[in-house]
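# Commentary on secondary and tertiary structure
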Amino acid sequence: MRYKLLALDIDGTLVEKHTNAVSRRVAEAIKKAKQKHEMKAVDGVSTISLISSSRNRAQKIPKIIAELPQEYYVSVGAHWTNPAWAVTLISHRDASKGAGLRYVQHALHITPEETIAIGDGASDVSMMQHASVRVAMGNAEPELKRVATHTAPSVTQDGVAEIINRFILPMI
């Protein structure tokens, strides 16, 4: 299969938390893939983030949001800088990572079978539903690992580079 779309989460997947920097190995893998493929950028969508020091309290938020008159996409997971905390992400139902990925696939005429999704958090689960190769980073939350078809090494071990080298570069 020749993959045409690589959907990446940022914190904890592409860059290490707190560094905002891509490792040299990952940057080189992306550069090689860019040289062989035409790559396009797409603007992102904002989401509300609620941070809690208690996962139990954070788990109550989706039930409260469900009572509102408009449907929202809600995910609860570990906070990206302090795993002991919880973060609840609330966005319009059409603004989830999955909806964003579907939009890009439609705009570029790319099928889920031609898509690889890589993530590390609960908010990445919706993105995985639209990719045939669903990759959880080694440092991913259990919710994401349950829906993944593959597990990559952690972000500190350049897992994204491993996936690019395994699935994309051999097909070029």
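Residues numbered from 1 in each chain as written. Predicted model: local features only at pLDDT ≥ 70, side-chain atom pairs only at ≥ 80, totals over all residues. Heavy atoms only, no water.

### Quick notes on the confidence of the model for the chain
Note the cut-off: A residue's pLDDT is the confidence the predictor assigns to it, expressed on a 0 to 100 scale. Numbering goes from the N terminus for both helices and strands, where a helix is a DSSP run of H or I of at least four residues and a strand is a run of E of at least two.
Chain-level statistics for the chain give a pLDDT mean of 79 and a share of 77% at 70 or above. No element of the chain has a lower mean pLDDT than strand S2 (residues 48-52), at 66, and none a higher one than strand S7 (residues 150-152), at 97.

### Structural notes on the pairing of strand S4 (residues 86-92)
The following threshold applies: Only protein chains enter the accessibility calculation, which uses a 1.4 Å probe. A residue is then buried if its area is under 20% of the maximum for its type, exposed if over 50%, and partly exposed in between. The pairing criterion for strands is at least two bridges between them, as found by DSSP.
S4 sits mainly inside the fold: 6 of its 7 residues count as buried. Both strand S3 (residues 72-78) and S4 contribute to a ladder of 7 bridges, which runs antiparallel. Directly across from Tyr72, in S4, lies its bridge partner His92.

### Some details on helix H6 (residues 159-168)
Burial runs high along H6: 7 of the 10 residues are buried. Buried within H6 are the following residues: Gly159, Val160, Ala161, Ile163, Ile164, Phe167 and Ile168.

### A few points about helix H2 (residues 55-66)
Test applied: This arc is built from the directions going out from the helix axis to the C-beta atoms.
Residues Ala58, Ile61 and Ile65 constitute the buried set of H2. Down the axis of H2, the sector holding all buried residues measures 30 degrees, keeping them to one side. Projecting away from the buried face of H2 at angles above 90 degrees are the exposed residues Asn56, Lys60, Lys63 and Ala66.

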